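Below, each chain spelled out in residue letters.
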Amino acid sequence: MQAPPASIGLLLPAFTLWWREIVRFYRQKSRVVGVIASPLLFWLVIGSGFGTSFRSGNAPGQQHYLDYFYPGALIMIVLFTSIFTMMSVIEDRKEGFLLSVMVAPMPRSAIVLGKVLGGTTLSAVQGLIFLAFAPFVGVHVGVGDFLLVTLVVFLVAFALTSLGFAIAWPMDSTQAFHAIINLFLIPLWLLSGSLFPLAGASGWLRFLMRLNPLTYGVEALRGLLYPESSAVLPLPSSLAALGLFTLVMFGLCFLRVNRRSTRPAA
């Protein structure tokens, strides 16, 4: 009997896990509403509160804080969806599903690929849905720019989902997961240029922001949505930094999953 190709042994389990993440998420209507409603409310309240008292320049997209904050709110949706979707890793461990998957005759890389692609799809779709509010801030995205925006959102979503997977994999408590989120990932978003511009920050803060990979995602989106604004970071450099961040985070997932441990998997 001929053995099945190695690609089937990887792709079919990965597709199954990917589809399970999609169905699982959209069956929980409160999560779908909360993921979009919370950043939308945050964007409207913070943006309207600062109003015209904050200006990073005279170009379009910098006159009102709602305009400036829009790319940061989009990244916020991607961040929240990517990270909290990966709590399913902890839930699967508690329910025993993860153990049954790990003892199945398939490579562990299929677990990483399926779970990460599932979270990436969800977060990228949620972020792109938020683009429906773009006309309200005077943004009209052409086909070419929309494809580039989609690429940026996908890279950010893939990298953050991989990071969430790497954090959730060794944990068996959602409380510990939330503690890591509050301690590490929220400052990562705050120092991304979402709330205040990179150019106007103090020296030490600017240094931290340039080390932050999310900064390149926010700047890339701001440059694509507001092409007339002065870009602090060129688009090719931002895309290269996001690509590198994505590869590093995805590689970290493989290292965590294939690391031998005496701890039980479930």
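Refer to the structure presented above.
What counts as what
- Residues numbered from 1 in each chain as written.
- Predicted model: local features only at pLDDT ≥ 70, side-chain atom pairs only at ≥ 80, totals over all residues.
- Heavy atoms only, no water.
- Salt bridge = Lys/Arg side-chain N within 4 Å of Asp/Glu carboxyl O.
- Helix = DSSP H or I, 4+ residues; strand = E, 2+ residues; numbered from the N terminus.
- Buried < 20%, exposed > 50% of the residue type's maximum accessible area, 1.4 Å probe, protein only.
- Core = buried A, V, L, I, M, F, W, Y, C linked by side-chain atoms within 4.5 Å.
- Contact = heavy atoms within 4.5 Å.
- Axes fitted to C-alpha atoms, helices over the stretch in contact; angles between N-to-C directions.
- Parallel < 35°, antiparallel > 145°, perpendicular 65-115°, else oblique.
- Left-handed = near helix turned anticlockwise from the far one by under 90°.
- Phe/Tyr/Trp six-rings, centres within 6.5 Å; stacked < 30°, edge-to-face > 60°.
- Lys NZ or Arg CZ within 6 Å of the ring centre and 35° of its normal.
- Polar contact = N/O pair within 3.5 Å; in protein donor to acceptor, adjacent residues only side chain to side chain.

Visitor: How do you make sense of the pattern of salt bridges when you look at a structure like this?
Guide: Pairs may arise between side chains of opposite charge once their charged atoms sit close together. Tallying each qualifying case throughout the model produces six salt bridges. Put simply, Arg 24 and Glu 91 hold a salt bridge, and the shortest N to O gap is 2.9 Å. Taken as a pair, Arg 24 in helix 1 (residues 6-26) and Glu 91 in helix 4 (residues 87-95) lie far apart in primary sequence, 67 residues in all. According to the relative accessible area criterion, Glu 91 is partly exposed, its value standing at 29%. Between Asp 92 and Lys 115 there is a salt bridge; the shortest N-O distance is 2.8 Å. With a gap of 23 residues between them, Asp 92 in helix 4 and Lys 115 in helix 6 (residues 108-129) connect regions that are remote in the sequence. When salt bridges with common partners are traced through the structure, they connect Arg 20, Glu 21, Arg 24, Glu 91, Asp 92 and Lys 115 into a single cluster.

Visitor: Looking at this structure, I do not really get the nonpolar core. What am I missing?
Guide: Across soluble globular proteins, nonpolar side chains show a tendency to be buried alongside one another. In this structure, Trp 43, Tyr 70, Phe 165 and Phe 177 are the most contacted members of the largest nonpolar core, which totals 76 residues. Top contributing element to this core by residue count: helix 7 (residues 143-168), with 14 residues. Non-local contacts of Phe 177, meaning those with residues more than four positions away in its chain, are made with Ile 83, Met 87, Ile 90, Gly 164, Ile 167, Ala 168 and Met 171.

Visitor: Hey, could you run me through the packing of helix 6 against helix 11 (residues 235-258) in this one?
Guide: The description of two packed helices rests on the angle between their axes and on the distance between the axes. Across the interface, helix 6 lies against helix 11 with an axial gap of 9 Å and an inter-helix angle of 135 degrees. Judged on the interaxial angle alone, helix 11 and helix 6 are oblique. Note on packing geometry: the crossing formed by helix 6 with helix 11 is right-handed. When helix 6 is examined against helix 11, the residues Arg 108, Ser 109, Val 112, Leu 113 and Val 116 are found in contact with a partner set consisting of Phe 250, Cys 253, Phe 254, Val 257 and Asn 258.

Visitor: Just to check I follow, could you spell out the packing of aromatic side chains for this structure?
Guide: Working definition: an aromatic ring pair is given by the centre-to-centre distance plus the angle between the planes. Counted according to the given criterion, the structure contains twelve aromatic pairs. Pairwise contacts between aromatic rings join Tyr 65, Tyr 68, Phe 69 and Trp 189 into one cluster. The ring of Trp 169 carries the charged tip of Arg 93 above its face, separated from the ring centre by 5.6 Å. Its guanidinium or amino end placed over the ring of Tyr 68, Arg 222 lies 3.9 Å from that ring's centre, counting from NZ or CZ.

Visitor: Explanation requested: the side chain of Arg 24 in the structure shown.
Guide: Arg 24 sits in the buried class, given a relative accessible area of 16%. In this structure the side chain of Arg 24 is engaged in a polar contact, spanning 2.8 Å, whose partner is the side chain of Asp 92. Discounting residues that sit within four places of it in the chain, Arg 24 has contacts with Ser 88, Glu 91, Asp 92, Glu 95 and Lys 115.

Visitor: Please explain the environment of Asn 212 as it appears in this structure.
Guide: With respect to the secondary-structure elements, Asn 212 resides in the loop between helix 9 (203-211) and helix 10 (213-225). You can call Asn 212 buried: its relative accessible area is 4%. Distance in space between the C-alpha atoms of Asn 212 and Ala 241 is 9.8 Å, their sequence separation being 29 residues. Apart from residues no more than four positions distant in its own chain, Asn 212 is found in contact with Leu 188, Leu 191 and Ser 192. Side-chain polar atoms of Asn 212 contact the backbone oxygen of Leu 188, separated by 2.6 Å.

Visitor: Looking at this structure, I do not really get the environment of Leu 233. What am I missing?
Guide: The topology assignment puts Leu 233 in the loop between helix 10 and helix 11. Between the C-alpha atom of Leu 233 and that of Ala 220, which follows or precedes it by 13 residues, the distance is 7.7 Å. The contacts of Leu 233, once residues within four sequence positions are left out, are Leu 198, Arg 210, Thr 215, Tyr 216, Glu 219 and Ser 238.

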